[in-house]
Structure formats: C-alpha cells, structure tokens
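Chain and residue survey
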Amino acid sequence: MTNESSKIMSSVSLNDYLQQCSQRIDIALALELGTFDSEFSATPAAALMPQLGAAMHYSLLGGGKRIRPMLVYAAAEAVRTNTDSILLDRVACAAEYIHAYSLIHDDLPAMDDDDLRRGRPTCHRQFDEATAILAGDALQTRAFELLASLDCRPELSLALIRTLAAGSGQRGMVGGQAIDLAAVGQAIDRSHLETMHRLKTGALIRSSIRMGALCAGASETQLHHLDAYGEAIGLSFQVHDDVLDVISDTATLGKQQGADEARNKPTYPALLGLEAAQQLALDLHHQALHALQHFGSGADQLRALSAYIIERRH
Ligand code: IPE
Ligand code: IPE
Ligand code: MG
Ligand code: MG
Ligand code: MG
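All of the points below concern the structure found in this document. (Residues numbered from 1 in each chain as written. Chains lettered and ligands numbered in written order. Predicted model: local features only at pLDDT ≥ 70, side-chain atom pairs only at ≥ 80, totals over all residues. Heavy atoms only, no water.)

Our next topic: the layout of surface pockets. Considered as a void within the structure, the largest pocket measures approximately 770 Å³ in volume. At the level of secondary structure, the elements contributing two or more residues to the lining of the largest pocket comprise α4 (67-79), α5 (85-107), α9 (173-183), α10 (190-215), α11 (220-247) and α13 (259-262). With six residues, α11 is the single largest residue contributor to the lining of the largest pocket. The residue makeup of the lining of the largest pocket, split by class, is eight nonpolar, 12 polar and 18 charged. (1 Å grid on protein atoms, 1.4 Å probe; cavity = no way out; pocket = protein on both sides within 12 Å on 5 of 7 lines; lining within 4 Å. Points joined across faces, edges and corners; volume = space filled by probe spheres on them. Helix = DSSP H or I, 4+ residues; strand = E, 2+ residues; numbered from the N terminus. Nonpolar A, V, L, I, M, F, W, Y, C, P; charged D, E, K, R; others polar.)

The subject of this paragraph is the site of ligand 1. Close to ligand 1 lie G64, K65, R68, H99, L103, R118, T201, F237, Q238, D241 and R312, which account for all nearby residues. At a separation of 2.7 Å, an oxygen atom of ligand 1 approaches a polar side-chain atom of H99. Take R118: an N or O atom from its side chain is 2.7 Å from an oxygen atom of ligand 1. Protein contact buries 89% of the 390 Å² of open area that ligand 1 shows by itself. If you map ligand 1 onto the pockets, it falls in the largest pocket. Residue assignment for the shell around ligand 1 shows that the elements contributing at least two residues are α5 and α11. With three residues, the top contributor of residues to the shell around ligand 1 is α11. Across the shell around ligand 1, the residue classes break down as two nonpolar, four polar and five charged. (Near = heavy atom within 4 Å. Polar contact = N/O pair within 3.5 Å; in protein donor to acceptor, adjacent residues only side chain to side chain. Areas by Shrake-Rupley, 256 points an atom, 1.4 Å probe, with all protein chains shown as cover. Sits in = over half its atoms within 2 Å of the grid points.)

Time to look at the site of ligand 2. The immediate surroundings of ligand 2 are formed by S102, L103, D106, D112, R117, M173, Q177, K200, T201, Q238, D241 and K255. A distance of 3.0 Å separates an oxygen atom of ligand 2 from a polar atom in the side chain of D106. Here an oxygen atom of ligand 2 sits 2.7 Å away from a polar atom, N or O, in the side chain of D112. For ligand 2, whose free accessible area comes to 390 Å², the fraction covered by protein is 90%. Under a 2 Å grid-point criterion requiring more than half of the atoms, the pocket assigned to ligand 2 is the largest pocket. No other element matches α5, which puts three residues into the shell around ligand 2. Grouping the constituent residues of the shell around ligand 2 by class yields two nonpolar, four polar and six charged.

Turning our eyes to something else, we now look at the packing of α4 against α5. Where α4 meets α5, the axes come as close as 8 Å, and the angle between the chain directions of the two elements is 145°. Regarding α4 and α5, the two cross each other, and that crossing is right-handed. Along the contact surface, α4 presents R68, P69, V72, Y73 and A76, while α5 presents L88, D89, V91, A92, A95, E96 and H99. A per-class count over the contact of α4 with α5 returns eight nonpolar, one polar and three charged. (Axes fitted to C-alpha atoms, helices over the stretch in contact; angles between N-to-C directions. Left-handed = near helix turned anticlockwise from the far one by under 90°. Contact = heavy atoms within 4.5 Å.)

What follows is the structure in structure tokens.
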C-alpha cells in the first residue's frame, strides 16, 4: 500500500476492508445461487442440464477480487450509512453475475482465447465451449431476473435494471468488447483506445457505483459526482490491467502474462509507453479523489478503492 492509500484509510486497514467485503459477497453469492438452485432443482428440466449449473458455479465462485460488488457497497456508504443490506447484497450479486459472464465470454477462443483465469482453467477449458457460452448467457439473464425481483419500490428496481443494462450492453461492456476485437492488430489513436476501455471495463464499473448510490437514495448532485468518480476509476482500472499484463507474472495474475502483446492488442503501455501509462493511472486516481471532494469520510472506502485499483498486483 502506498502512503496515499494508507493515509486515506488510516482507521481501518484496506486489506481488512477488502477481505470483509469479499467474504460478504461470497456469502451473498452462495446464498443467492443456492436459493435459485433449490427452486430450480425441483423441476424435471434441471437434471437434464448438469453441466450448465456447474459451469455457472465454477466461474462465479472461483475467486476474483469482487471489485464491482465492493463499489456497490462503498458507493451506498458514501451517500448514507444505513442502506438496506439485503438489497445491496442482491444488487452486488447482479453486478458480479454480469462481470463473471463477461469474463467467461472474454476468454472464449473466438475472443481472447485464454486458458487460464483466476489461477484455474477458463470455463470453456474446464467444461466445453458451448457450455461456457450458455453459462455466460444464463448468468447475464439471472442478473436482470434478480434486479426485477427485488423487494423494493418498483421505480428503484427499474432504475437499477436500466443502469445495469446500459453498462452491460452495446453502449457499455459488449460495445467495448466489439471495439476491442475490431482493434486487434490496428494502430488506433488515443481517443479510440480510451473509448474502448471506457466501454469494455469502465461502463460496468460506473453502473456498479451508480446502483449502490441509487439504493442509498442519492441526489442528482451526488449521482453526478459519483459518475465522475466512476469515469475516472473505470478507465484507471483497465489502464492498470494493461500495465499488469506487461509487468506482472502469470502466477501472480492468475491469467497469462503478456497475452495482450502476444495477441497484438492495442493497450496503454503499447501506445504511450509503460511509464506514461502508469502516470495516467495515477492522474486518473487524483481525478477520482477530486470528484469526491464534496463527500465526507463516508466516501473513504471509495477513495481507498481508487488507490487499490492502481496499486493492485493482480
Ligand atoms: C478483469 O477484471 C477483466 C477486466 C475488466 C480488466 P478483474 O480484474 O476485476 O477480475 P477478477 O474478478 O478480480 O478476477
Ligand atoms: C476484458 O479486458 C474486459 C471485459 C469486458 C471482460 P481484458 O481482456 O484485458 O481482461 P483480462 O485481461 O482478460 O482479464
Ligand atoms: Mg479481452
Ligand atoms: Mg481477456
Ligand atoms: Mg487484460
């Protein structure tokens, strides 16, 4: 941890906070999936698709930093301290469902063709391609089913569905992935690369923050500042992911190091050089802190997460 992040979270260690959050979301995910499975397993169809549920579990419960759920919790905390925790858990699960699906599809042979994810075989390697595609599809639809079944005002449920859909679809993650695939081997300029990163990774991060804030009843002004924070960390997250692909190693990353260069992917280190890419990530962290200037100590977790995003080693 740098001086910066340790200053921000002086009272509670960031590592403890990350661990607490990740335990919370792992329990919530296991509960949520368990409830769904126990209802579904009673139906005659369930026994006819043994691989599908196993692949969903494998990809969802096999580790991961759980940054998007953490952002749901931390954004709500920045707005107020007593947001309904069951509501937040379910919204956090929906964000992680979309993320898990995006990783399964990202690793497919038709996309990044990766064999290793979170230190284990990728979903299509562990199962098969068709099962991986379907597991991703089912996780995606499950996320929206979950948001549509929340025990909250229908207006909030609708706003959450709209927010997650915007971050996930053509205007968000899927659109960014399409740009990514079209850009392989191309000499794209900086604004093109920025658009790609803001969509493929930034959009779901922004949605997670906005969903947490909506659950906490954020005002338009608060949403505006939190969106600005999300813009900054959404981009810094992928800039640092690109940097790690260069400077880290496969064992630490849990995914193949050097995969971007091997596949001729346009990245920030490739375009700007390693040092300039690292400097950009730091500048974006400062922009993120600036966007939170009107928030009090309730936003300290968001501040610390921004620092963590550009310091993490995997
Ligand atoms: C990896 O996301 C994919 C990107 C969007 C860069 P994470 O780095 O959050 O992956 P996990 O969930 O921790 O494995
Ligand atoms: C993936 O970006 C973004 C997603 C939408 C999943 P990357 O392709 O760089 O992610 P990793 O490096 O495989 O995790
Ligand atoms: Mg990719
Ligand atoms: Mg990839
Ligand atoms: Mg990457």
